[in-house]
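Survey of secondary and tertiary structure
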Amino acid sequence: MKLLQKLLGYYTAIDGFLESERQTAQDDTNLESKVEERQRINDQAYFLLCWGQLETELDNCCRNAIRKRKDNPDWTKRRGWDLYNPDEKRLSGISFEERVSLVLDRMAGEFGRAMHWYHLRNRIAHGGSYENRIDLNAVMAEFYQIQRKIAE
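None of these values were measured; they are calculated from a predicted model.

For the rest of this paragraph, the subject is the side chain of Glu55. Structurally, Glu55 can be placed in helix 2 (residues 29-70). By relative accessible area, Glu55 is classed as buried at 18%. Among the polar contacts made by the side chain of Glu55, one reaches the side chain of Arg99 at a distance of 3.5 Å. The contact partners of Glu55, leaving out residues within four places of it in the chain, are Phe96, Arg99 and Arg121.

Taken as a whole, this structure holds 14 salt bridges when the rule is applied. We note a salt bridge from Asp59 to Arg99, for which the minimum N-O separation is 2.7 Å. Here Arg99 lies in helix 4 (residues 96-103) and Asp59 lies in helix 2, a separation of 40 residues in the sequence. The buried category is assigned to Asp59, whose relative accessible area is 17%. Among the salt bridges present, the one from Arg106 reaches Glu97, with a minimum N-O distance of 3.0 Å. Here Glu97 falls in the partly exposed class, since its relative accessible area comes to 35%. Overlapping salt bridges bring together Glu19, Arg22, Glu32 and Glu36 as one network.

The next thing to look at is the nonpolar core. Judged by nonpolar contacts, the single largest core of 36 residues is most densely connected at Phe47, Leu58, Leu104, Leu136 and Phe143. Those elements giving two or more residues to this core turn out to be helix 1 (4-24), helix 2, helix 4, helix 5 (109-125) and helix 6 (136-151). The element best represented in this core is helix 2, accounting for nine residues. Once residues lying within four places of it in the same chain are set aside, the contact partners of Phe47 are Trp117, Leu120, Arg121, Ile124, Ile134, Leu136, Val139 and Phe143.

Procedures and definitions
Every chain's residues receive numbers from 1 upward, in the order its sequence appears when written. Where totals are concerned, whole chains, interfaces and linings use all residues; where local detail is concerned, this predicted model gives features only for residues with pLDDT of at least 70, and gives and counts side-chain atom pairs only at 80 or more. Calculation of side-chain values draws on the structure's entire complement of heavy atoms; hydrogens and water are dropped beforehand. Secondary structure elements follow DSSP: runs of H or I no shorter than four residues count as helices, runs of E no shorter than two count as strands, and numbering proceeds from the N terminus. For every residue, the accessible area (1.4 Å probe, protein chains only) is compared with the maximum for its type, and the residue is labelled buried under 20%, exposed over 50%, or partly exposed between those bounds. We define a polar contact as two N or O atoms separated by no more than 3.5 Å, with the added condition that, inside protein, one atom must be a possible hydrogen donor and the other a possible acceptor, whereas residues neighbouring each other in sequence contribute only through side-chain atom pairs. Here a residue-residue contact requires only that any non-hydrogen atoms of the pair lie within 4.5 Å. For salt bridges, the criterion is a side-chain nitrogen of Lys or Arg within 4 Å of an Asp or Glu carboxyl oxygen. We define the nonpolar core as a collection of buried residues of types Ala, Val, Leu, Ile, Met, Phe, Trp, Tyr and Cys that are connected through side-chain atoms lying within 4.5 Å of one another.

Structure (structure tokens):
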């Protein structure tokens with residue numbers, strides 16, 4: 001999540017520029033609509049960049065949790081964790097939901113929020129339509145909240 005603040009700064013600058021364009025275009029509904037579309041696409045592009053930061057953090061925490069458990073000399077605490085290879089690029093084929101459940105309590109709100117943003121990420125990244133603007137400031141606050149929980 002090293003780049004999150006920098007990305008948010010870049011996003012804010014571009015969004016400010018687009019918002020001033022939209023304000024200027026208020027008398028031209030066609031032009032205003034085009035600018036609003038650019039804003040939505042900018043939101044989505046920066047959301048994906050920021051999501052990548054959180055996903056990397058989740059993956060790294062998952063790898064560390066696996067390593068810690070695999071290193072336990074007590075087999076009763078280690079068993080099950082031996083199934084996972086934290087050094088494998090795809091984490092032994094563990095799905096994203098499973099990776100998140102290894103570092104966040106499924107019953108906690110942060111797990112649900114992480115999955116919510118993951119599903120939005122999938123929709124956007126795979127060409128699905130998302131017609132609403134994304135409040136990146138609010139999203140980043142949630143990303144940091146999720147990061148705090150996985151760091152515990």
